[in-house]
Amino acid sequence: MFLYDDAYLQYQFSPDHPFNPVRLSATRDLAENFGLLSPDDVIPPRPATIDELELAHSPHYVDLVRRISVTGKKTYGIERLGLGTEDNPVFRGMHEAAALAAGGTLTAAEKIVAQQTSRALNLAGGLHHAGHGHASGFCIYNDVVAAIRWLRRETGWRVLYVETDAHHGDGVQDAFYRDPEVFFVSLHESGAFLFPGTGHVDEIGEGAGLGTTVNVPLAPATDDASWLEAFQSVVPRVMERFQPDIVISQHGCDGHYWDPLADMCATTTFYAAVPRLLSQWVDAYGINRWIAVGGGGYQSLSVVPRVWTLLWAAVSRQDLQDRPISPDWLAAWEPQSPSRLPRHLMDEPEQFPPIRDRQRMVKANRDTLAALAQQFPEMRFGVSGKA
């Protein structure tokens, strides 16, 4: 099930803002072009209700967003709530656009609870920085928190949340830091180097939720092999130990080598492998329910559509080997790109120079896994192979 509506494109802060919704329509077009997406797969989202948004946010904050949305103009002091800033400029219709993005993830949850599907993808979701009473990092409403709390209320299911966005999902972590029924796992560039500055190894939950937060802060320049080593060392062990009823995964692709807003060196090799592995593990561990959402990714045409087409292939259990991208797709989208677009689905290794002092990066990431193994001896975290 692929959640999409052209109204998603209204979530646009400004024409030159890095969070560009063109990546959504370009991804849908590319997935269709590869024969992976039929009209029957596409389900329109509904807007999140006020009550649903208040599962994630304070009534005061939601009311403020609604009022500002009418005029699209700043009011005094809203910067303290993360609005009207360089990251989150206000715009007319902001509430409606953000509520629809959140509603896509809630629609996916509803469809799974109703047993109308077991897997769903909402690329407009993954807005993981928004907090209880503030916007942050291009995120107005936190669709993930709203959907998880809705699922917990309606079903009581245990939820495993996994993300590989380059930026730590602080808004989601904060919401469930004391909740033993929601397990949070994030593999991201270390907060010592990158916004939002959180997600350190010693952030492991509090109170009843102690031990249900796992952060894997990775060194800058982490590449496919080292990131995958960490992913394979951590995620299946959490699944086995926690035994969730549903997995929600966030697939920001701003860790790509070309992305301007992070310092990582992943390629499509990593972004193809992660959802394939999740697909296998969701079945192998008998979970059988999976919601995937989007997230960061600021090479809106050269990277994001290819990565998220690979994601949709995994979610929908379709095999997708490397193939040339259709000249029709390139002709439609290249005029909107500041650079020549890749001609193949997968990156070519020769496009990327070798990583300087790679062994230091690998050692730093393995030291992080060793620190995690000490924090979580029962999980048996460890290096899974050669990176």
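Predicted model only: the values in this text are computed from it and were never measured. (Residues numbered from 1 in each chain as written. Predicted model: local features only at pLDDT ≥ 70, side-chain atom pairs only at ≥ 80, totals over all residues. Heavy atoms only, no water.)

1. Regarding the overall build of the chain
Turning to step 1, where the next piece is worked out: Broken down by element type, the chain carries 11 helices and 8 strands.
Turning to step 2, where the next piece is worked out: Scaling as 2.2 N^0.38, a compact globule of 387 residues should have a C-alpha radius of gyration of about 21 Å, and the chain matches this with 19 Å.
Turning to step 3, where the next piece is worked out: Taken along its principal axes, the extent of the C-alpha atoms in the chain is 55 × 55 × 40 Å.
Turning to step 4, where the next piece is worked out: As presented, the chain carries roughly 15,100 Å² of accessible surface, and 49% of it is formed by carbon and sulfur atoms.
Turning to step 5, where the next piece is worked out: Positive and negative side-chain charges of the chain, numbering 32 and 47 respectively, have mean locations separated by a distance of 2 Å. (Helix = DSSP H or I, 4+ residues; strand = E, 2+ residues; numbered from the N terminus. Rg over C-alpha atoms; globule rule 2.2 N^0.38 Å. Areas by Shrake-Rupley, 256 points an atom, 1.4 Å probe, with all protein chains shown as cover. Lys, Arg positive; Asp, Glu negative; His and termini not counted. Charge placed at Lys NZ, Arg CZ, Asp CG, Glu CD.)

2. What to know about the packing of helix 8 (residues 268–284) against helix 9 (residues 304–315)
Turning to step 1, where the next piece is worked out: Helix 9 packs onto helix 8 with a crossing angle of 20° between their chain directions and a minimal axis gap of 9 Å. In terms of axis orientation, helix 8 runs roughly parallel to helix 9. In this structure, helix 8 meets helix 9 at a crossing whose hand is right-handed. Contacts between helix 8 and helix 9 involve Thr 268, Tyr 271, Ala 272, Pro 275, Arg 276 and Ser 279 on the former and, on the latter, Arg 306, Val 307, Leu 310, Leu 311 and Ala 314.
Turning to step 2, where the next piece is worked out: Taken together, the residues of the contact of helix 8 with helix 9 sort by class into 7 nonpolar, 2 polar and 2 charged. (Axes fitted to C-alpha atoms, helices over the stretch in contact; angles between N-to-C directions. Parallel < 35°, antiparallel > 145°, perpendicular 65-115°, else oblique. Left-handed = near helix turned anticlockwise from the far one by under 90°. Contact = heavy atoms within 4.5 Å. Nonpolar A, V, L, I, M, F, W, Y, C, P; charged D, E, K, R; others polar.)

3. Section: the sheet that holds strand 2 (residues 42–43)
Turning to step 1, where the next piece is worked out: Reading across from one edge, 2-1-3-8-7-4-5-6 is the order of the 8 strands in this open sheet, with parallel pairing throughout. In this open sheet, the two edge strands, each paired with only one partner strand, are strand 2 and strand 6 (213–218).
Turning to step 2, where the next piece is worked out: The pairing of strand 4 (residues 159–163) with strand 7 (residues 246–250) spans 5 bridges and is classified as parallel. What sits directly across from Val 162, in strand 7, is Ser 249.
Turning to step 3, where the next piece is worked out: Sitting on the sheet, helix 9 is in contact with strand 1 (2–3), strand 3 (119–122) and strand 8 (290–293), with an inclination near 165° to strand 3. (Pairing = 2+ DSSP bridges.)

4. Describing empty space enclosed by the protein
Turning to step 1, where the next piece is worked out: Counting across every chain of the model gives 2 cavities of 30 Å³ or more.
Turning to step 2, where the next piece is worked out: Within this model, the largest cavity holds a volume of roughly 90 Å³.
Turning to step 3, where the next piece is worked out: Lining the largest cavity, in full, are Tyr 8, Tyr 11, Phe 19, Asn 20, Pro 21, Arg 23, Leu 24, Ala 97, Ala 101, Leu 123, Ala 124 and Leu 127.
Turning to step 4, where the next piece is worked out: Mapped onto the lining of the largest cavity, the elements with two or more residues apiece are helix 1 (22–33) and helix 4 (94–113).
Turning to step 5, where the next piece is worked out: Here the residues of the lining of the largest cavity are counted per class, giving 10 nonpolar, 1 polar and 1 charged.
Turning to step 6, where the next piece is worked out: If you add up the space inside the second largest cavity, you get close to 40 Å³.
Turning to step 7, where the next piece is worked out: Surrounding the second largest cavity, Thr 164, His 251, Tyr 271, Val 274, Pro 275, Val 307, Trp 308 and Leu 311 form its lining.
Turning to step 8, where the next piece is worked out: Contributions of two or more residues to the lining of the second largest cavity are made by helix 8 and helix 9. (1 Å grid on protein atoms, 1.4 Å probe; cavity = no way out; pocket = protein on both sides within 12 Å on 5 of 7 lines; lining within 4 Å. Points joined across faces, edges and corners; volume = space filled by probe spheres on them.)

5. Topic: the layout of surface pockets
The gaps left among the atoms become clear once a water-sized probe is rolled over them.
Turning to step 1, where the next piece is worked out: Quantified by volume, the largest pocket comes out at close to 230 Å³.
Turning to step 2, where the next piece is worked out: Lining the largest pocket we find 15 residues, and of these Asn 20, Tyr 298, Ser 300, Gln 336 and Pro 338 sit closest to its centre.

6. Describing the packing of helix 1 against helix 9
Turning to step 1, where the next piece is worked out: The N-to-C vectors of helix 1 and helix 9 enclose an angle of 55°; their axes lie 8 Å apart at closest approach. Judged on the interaxial angle alone, helix 9 and helix 1 are oblique. For the pair helix 1 and helix 9, the sense of crossing is right-handed. For the pair helix 1 and helix 9, the contacting residues are Arg 23, Leu 24, Ala 26, Thr 27, Leu 30 and Ala 31 in the first and Val 304, Pro 305, Arg 306, Trp 308, Thr 309 and Trp 312 in the second.

7. So, the pattern of salt bridges
Turning to step 1, where the next piece is worked out: Applying the stated rule across the entire model yields 17 salt bridges.
Turning to step 2, where the next piece is worked out: Note that Glu 110 is salt-bridged to Arg 46, the shortest N-O span being 2.8 Å. In this pair, Glu 110 sits in helix 4 while Arg 46 sits in the loop between strand 2 and helix 2 (50–53), placing the two residues 64 residues apart along the sequence.
Turning to step 3, where the next piece is worked out: A relative accessible area of 27% places Glu 110 in the partly exposed class.
Turning to step 4, where the next piece is worked out: In this structure Arg 46 comes out as partly exposed when scored by relative accessible area, which is 22%.
Turning to step 5, where the next piece is worked out: Arg 317 is the partner of Asp 283 in a salt bridge, and the nearest nitrogen-oxygen pair spans 3.1 Å. Taken together, the residues Asp 283 in helix 8 and Arg 317 in the loop between helix 9 and helix 10 (327–333) connect sequence positions 34 residues apart. (Salt bridge = Lys/Arg side-chain N within 4 Å of Asp/Glu carboxyl O. Buried < 20%, exposed > 50% of the residue type's maximum accessible area, 1.4 Å probe, protein only.)

8. Quick look at helix 5 (residues 143–155)
Turning to step 1, where the next piece is worked out: Taking 1.5 Å of rise per residue, the 13 residues of helix 5 would be expected to cover 18 Å, and the 18 Å separating its terminal C-alpha atoms lies within 8% of that figure.
Turning to step 2, where the next piece is worked out: Considered for burial, the residues of helix 5 that qualify are Asp 143, Val 144, Val 145, Ala 146, Ala 147, Ile 148, Trp 150 and Leu 151.
Turning to step 3, where the next piece is worked out: For helix 5, the side-chain oxygen to backbone nitrogen distance between the N-cap and Val 144 is 3.3 Å, and the N-cap itself is Asn 142.
Turning to step 4, where the next piece is worked out: Looking one or two places after helix 5, you find Gly 156, whose phi comes out positive at around 75°. (Expected span 1.5 Å × (residues − 1). Polar contact = N/O pair within 3.5 Å; in protein donor to acceptor, adjacent residues only side chain to side chain.)

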